[in-house]
Amino acid sequence: MKFCLNIKSLKKNFGCNSVLSNVDLEIQSDKVTVIIGKSGAGKSVLLKLIAGILNADGGKISITQVSDAGQSSEINLKDLGFSYMFQNNALFDSLTAFDNIALPLIEGNYNFKSSQVRLKVDALLEQLDLLSSKNKFPGELSGGMKKRVAFARALVTEPNIVLFDEPTTGLDPEKKFTVFEMINQYKEQFGFSALLVSHDIPEVYEIVDSIAWLDEGKIKFQGSKDEIDRIADQSVKNYLKTGRFNSKVRL
Ligand SMILES: Nc1ncnc2c1ncn2[C@@H]1O[C@H](COP(=O)(O)OP(=O)(O)O)[C@@H](O)[C@H]1O
Ligand SMILES: [Mg+2]
C-alpha cells in the first residue's frame, strides 16, 4: 500500500514537562525512517503517540493512502495496519512459539477460524525458518530465534508499518548488524515500511532511507545520509554522522 504518514505540530507534555513542543515529520511507505536523538529527547514518546498508546496535547497525525489509480484518501492507523516491536521481544514465556505468533490474530478481533490462524502462523514459521521451534517455549530458544519469533508475531497481522523502539540496544556489535539485516530483509520480503528509534550511529544508517533528529522537542533535521553531508553547521553534521557531539572524528 502506498501511503504517507504526516505529523504536523505535534505536542506532548507531562505536567509541566514539555517533551514534544512542535514535531513535524513525514514517513513514506516502503521506506525505513530512523529517529535519533539523545536519551530523554522524547523518541519513545513520539513512537507511542504514533501508535496511539499515548494521546497528543496538540497537533495532528494524518495518514494519506494513495490508490494504484492515484487517488488519495485519509485513513487511520488501524486501517493502515501497524505493529510495535518491543526491545526485549516481550514474548510470553508460558506460550509456545506458535501460540506467541498466533496471539495478535486471536486477540485482534479479526474473526479468523482456527484453521486460518494455523495456516497463517505456519506460513510465517516457514518463511522465518522457525518450523523446528514451532512447539518450543521462549526459554528453549536462542536469542536469535526469540527475535525471529517476535518478528513473526509483529508480521502476522500483515502490517504496513512496523515501529521498532531501539531494537538493538544491549546486543553485541555482530548481533546488532544481524537485527538490522533482518529488518531490511523482512521489509523487502513482506513489504512493510519501518520506523525505528536507534542509538547505533552510523550502523543503522546502512538500512535507512530517512533520518530524523529529535532535539529540544522538535525535529531539527530530516533527510537522507547525503543530505547530512550538505549541512553547513559542522558540529550538527558531526553529531548526525557519529551520534556524538565533540567527536574527534575528522570529516
Ligand atoms: N508516562 C510518562 N509520564 C511522565 N513522563 C514521561 C512519561 N513517558 C515519558 N516521560 C518523560 O518524557 C521524556 C522523554 O522520554 P522518552 O520518550 O522515553 O525519551 P527517549 O528519547 O530516551 O526515548 C522524559 O523526560 C520522560 O521522563
Ligand atoms: Mg526511548
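Our structure's up above, just so we're on the same page.
Heads up: these notes are all about the structure in this document. (Residues numbered from 1 in each chain as written. Chains lettered and ligands numbered in written order. Predicted model: local features only at pLDDT ≥ 70, side-chain atom pairs only at ≥ 80, totals over all residues.)

Moving on, we come to the site of ligand 1. In the vicinity of ligand 1, the contacting residues are Phe14, Asn17, Val19, Gly37, Ser39, Gly40, Ala41, Gly42, Lys43, Ser44 and Val45. Among the elements of the structure, β2 (17-28) and α1 (43-51) are those that each provide at least two residues to the shell around ligand 1. Its residues placed into classes, the shell around ligand 1 shows four nonpolar, six polar and one charged. (Near = placed C-beta within 6 Å. Helix = DSSP H or I, 4+ residues; strand = E, 2+ residues; numbered from the N terminus. Nonpolar A, V, L, I, M, F, W, Y, C, P; charged D, E, K, R; others polar.)

Moving on, we come to helix α4 (residues 114-127). With 14 residues, α4 should reach 20 Å at 1.5 Å per residue; the first-to-last C-alpha distance of 20 Å fits that figure. Inspection of α4 places Val121, Leu124 and Leu125 among the buried residues, and these make up the whole buried set. Each buried residue of α4 sits inside an arc of 105 degrees when the element is viewed along its axis, so together they form one side. Projecting away from the buried face of α4 at angles above 90 degrees are the exposed residues Ser115, Gln116, Leu119, Ala123 and Glu126. Asp129 sits one or two residues past α4 and shows a positive phi near 60 degrees. (Expected span 1.5 Å × (residues − 1). Buried ≥ 20, exposed ≤ 12 C-beta atoms within 10 Å, placed from the backbone. Arc of directions from axis to C-beta.)

A word on the packing of helix α3 (residues 97-107) against helix α5 (residues 143-155). For any two helices packed against each other, one specifies the crossing angle of their axes together with the interaxial distance. One can describe the packing of α3 onto α5 by two numbers: an axis separation of 7 Å at closest approach and a directional angle of 25 degrees. In terms of axis orientation, α3 runs roughly parallel to α5. Crossing handedness for the pair α3 and α5: right-handed. Facing Ala97, Asn100, Ile101, Leu103 and Pro104 of α3, the residues of α5 in contact are Val149, Ala152 and Arg153. For the contact of α3 with α5, the residue count by class is six nonpolar, one polar and one charged. (Axes fitted to C-alpha atoms, helices over the stretch in contact; angles between N-to-C directions. Parallel < 35°, antiparallel > 145°, perpendicular 65-115°, else oblique. Left-handed = near helix turned anticlockwise from the far one by under 90°. Contact = placed C-beta atoms within 7 Å.)

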